[in-house]
Structure formats: structure tokens, C-alpha cells
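Observations on the three-dimensional arrangement
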Amino acid sequence: MTKRITIQTRGQGLVEMTSEVAGAVRESGLVDGLCTVMVQHTSASLTIQENADPSARRDLEVWLSRLVSENDSLYTHTSEGPDDMPSHIKAALTSTTLSIPIVDGRLGLGTWQGIYLWEHRRRGSARSCLVHVGG
Amino acid sequence: MTKRITIQTRGQGLVEMTSEVAGAVRESGLVDGLCTVMVQHTSASLTIQENADPSARRDLEVWLSRLVSENDSLYTHTSEGPDDMPSHIKAALTSTTLSIPIVDGRLGLGTWQGIYLWEHRRRGSARSCLVHVGG
Amino acid sequence: MTKRITIQTRGQGLVEMTSEVAGAVRESGLVDGLCTVMVQHTSASLTIQENADPSARRDLEVWLSRLVSENDSLYTHTSEGPDDMPSHIKAALTSTTLSIPIVDGRLGLGTWQGIYLWEHRRRGSARSCLVHVGG
């Protein structure tokens, strides 16, 4: 089964979506299987990161925004705003799809792992993701 | 089922392969499921990117080639040419496999998303990909 | 089925795990299907890379460690050591999950492809991975 979930973002950075994905796994009733998440946008992405200390997620955002800076003179794709081309590059460097084994009816994440939607645009929006749960 | 598809490249950059992947999904007849694409090379990769404006793809290529430059003095793996080690690094920073849910018999891509093979060698070639479609 | 495998690392760099993953595929007895690998840590990651020349893997490690340096003044997440925040960034830039089609009962890897666990901490440890094999 595939379920669509929407994650509301409020500007650049990581938004945890582990519980929404876990909910789709629970609904499926599958005990062993595979859960795949895909974000349906090219200016946001997915990552599995540490769910303990928020400072790690803030540093991730700041580091990546320094690497992929706005107003780089090489950009020709500028019509959608200064944060648009950096968003596409950041999405290419991180992940658009993630697949997580289901173990004993639950997401097989490590103790410190959470699933995050990574918003790359300055202005947050409602981001659509697909969650597929199968054998 | 798994189908092998070959994508011809003509030098560095992104080549759209959405219709080839969609064809494998159609052939499978599956209405709900998961489609996984893998590139069988380590000097090319995969990405889901904007399918509207070609300038975004050109900027992606130029940006990544500036980040991962040829003739970097740290390279020791140089026997296969100046574009070989940068190709492996670019492949590591992007994706070798992608998994896309199938919704109503079609790839569950967002409106502006396309699937691209990203060639990292200067000389294009015939790139082999596997497309798996399953439940 | 999902199998847990443990990969012992001995410091930063790539450790091949192709044979462990292939073993899980063989045990499953599946002829056609999909094999998904996930690392259950946020300071190690996965990559599919060239299995021929070890110099390519050494250059990958050196290049990425130069890009994501320790002791960067922007880090605020420093309580777990100077190699911790770089590890999270390196994991975000590479892969936490990989999905490989199974063809004729074997991993559908290209001739020169191997599956690697990429250790990002200075001190190696026993890294837990899940391998799911399904239809």
C-alpha cells in the first residue's frame, strides 16, 4: 500500500517525520517488509539523522548552506529566486528516496535514528511525500 | 520483475530516463507497488530533478564539477584518466539507487520531477541500469 | 526476510560488505526480487563503489574528509568529539539505504561494483546493518 503524507515546513532545516512514517507502517499491519519514503519535490529532500541533539541538525543546515551558497555567479537558473538553484543542488547531494526494513512490525531504525524532511527553500510550505509499505 | 535498460550518454551531464522507467512499470501491469532503479556503474549516478527548465540541470553539472575538480593533487587513483576519480566522488555524493512508489499503475513522481542518469565521464557511453518492479 | 549483519570497522574509510549482503540473498532463495541494505547509525554510511583498485577508495575518504573538516568554527554540536559532527554531515552527503535488484538469484551489481560500509568516526566499531530481501 502507498499512503500520501504531508509535512508542513517553516523555512530551511530538518523536520522530523518519523512518527508519520511509523503510522503508515502500523496501518499496514505488516510484520516483515520494507518501507520506502519519497519526497515529491526537487527543492526538499530526505535524510536519516540523529534524533537526540537538535544542535546536530542545525549544524547540518548551516554547513550545507555554506557549501551551496546563494547568489553564486555560476547559476543561470535564477528566475525562481536566489534560494531555488541552491535547493536543487542540496536535494541532489542528499536523498529523495529512503527504504527502511520493517522488523517485528516496526521501522528498523537504530536507537538514535530519525527520518527527516529537509526543507531547502527559505519559505516553508506543505511538502508531499509518498510512503510505500510492501513485502 | 527486473528489466535491464541502456541509456546512451554523450558526455557529462543529466540524461532523462523517466519514460524508459515508466515503460517498465507499464509492462509489469502492477497498480500498486515499488519501482527501484540502479545504475550498474561507479562513474555515473542517478538523481530525481526538475524536468521543466534545462538551465537547472546545467547548473547542477557545472556546480558539481567545480566542487569535485579534475587534477586535484590529492588524487592517487589517476591511471584511468583525469575525469575518473572525480566521477567516483560525484557518484558517491549523488545516488546509485532510487525507489519510487507506484500509484494507480504509474510512477508516483511529483509534477516537476523526472528521473535522470548523471554521466560523470567526459566521454559518453552506453550505461546499463536495472529497473525492478515489485509489490 | 530481514537479516541483521554486523560489520567491524577499524577507523575512517570503506569496508567491503558485498559478500555479507550476497549471503543474505543466497539464504533467502529468491531468484527475482529486491535487496535493501540500511545502516543503523548516523556516523557511518553506505556506498556502492569500484571494487578493483583500493586507491579509489582511499581518495574518496581523503577527499570527503577535506570537504567536511574537523574543528570547523561553525559546529556547535561538539560534545561527542571533533569527528562526530563531520560524521553526521558525511552520512547526509552519502547514503544510509541502498536497494539492489536480485537477478537470477544474485545481486544485480555491475562488474566493478561492490557494496561498502563507510566508517566516519576515527575509532572503528561494530556497525549494525539490516538486509531486507523481498519480492
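To be clear, the structure that these remarks concern was listed above.
The text that follows walks through the structure, step by step, so that each part is easy to find. Please read these numbers as outputs of a predicted model, since none were measured by experiment.

Quick look at the interface of chain A and chain B
Opposite the 24 residues of chain A that make contact, chain B presents 29 residues. Put simply, the parts of the chain that give the side of chain A that touches chain B at least two residues each are strand S3 (33-39), helix H3 (84-93), strand S5 (97-103) and strand S8 (126-134) of chain A. The dominant element in the side of chain A that touches chain B, judged by the number of residues it contributes, is H3 of chain A, at five residues. Of the residues that constitute the side of chain A that touches chain B, the class distribution is nine nonpolar, 15 polar and no charged.

Side note on the interface of chain C and chain A
Every contact between the two is made by 24 residues of chain C and, on the other side, 29 residues of chain A. Elements represented by at least two residues in the side of chain C that touches chain A include exactly strand S3 (33-39), helix H3 (84-93), strand S5 (97-103) and strand S8 (126-134) of chain C. The element contributing the most residues to the side of chain C that touches chain A is H3 of chain C, with five residues. A per-class count over the side of chain C that touches chain A returns nine nonpolar, 15 polar and no charged.

A word on the environment of Glu-27 of chain C
Looking at the secondary structure, you find Glu-27 of chain C in helix H1 (residues 18-28). Measuring from C-alpha to C-alpha, the distance between Glu-27 of chain C and Ile-100 of chain C comes to 16 Å, with 73 residues separating the pair along the chain.

Thoughts on unusual backbone geometry
With a phi angle near 55 degrees, Asp-104 of chain A is a residue other than glycine that sits in the positive phi range. Looking at where Asp-104 of chain A falls in the secondary structure, it is placed in the loop between S5 and strand S6 (106-107). The phi angle at Asn-71 of chain C is positive, at roughly 60 degrees, despite the residue not being glycine.

Section: the relation of the copies chain A and chain B
Superposition of chain A onto chain B requires a rotation of 120 degrees combined with a translation of 0.0 Å along the rotation axis, giving an RMSD of 0.0 Å. Here the copies are linked by what is in effect a three-fold axis. Relative to the rotation axis, the C-alpha of Leu-93 of chain A is the closest in chain A, positioned 3.2 Å from it. When the interface residues of chain A are mapped onto chain B, a mere 12% of them are again interface residues, pointing to distinct binding faces.

So, how was this worked out
Every chain begins its residue count from 1, and numbering advances along the sequence as written. Chains carry letters and ligands carry numbers; both start at the beginning, A for chains and 1 for ligands, and go up in the order they are written. Reporting in this predicted model follows two pLDDT cut-offs: at least 70 for local features of residues, and 80 or more for side-chain atom pairs to be given and counted; totals over whole chains, interfaces and linings ignore these cut-offs and use all residues. Throughout, a residue-residue contact means that the two C-beta atoms, derived from backbone geometry, are no farther apart than 7 Å. For the purposes of this entry, the term helix denotes a DSSP run of H or I that reaches at least four residues, the term strand denotes a run of E that reaches at least two, and both are numbered from the N terminus. Residue polarity is assigned by list, with Asp, Glu, Lys and Arg as charged and Ala, Val, Leu, Ile, Met, Phe, Trp, Tyr, Cys and Pro as nonpolar; anything else, Gly included, falls into the polar class. In this comparison the copies share one frame, found by least squares on the C-alpha atoms of residues holding pLDDT of at least 70 in both.

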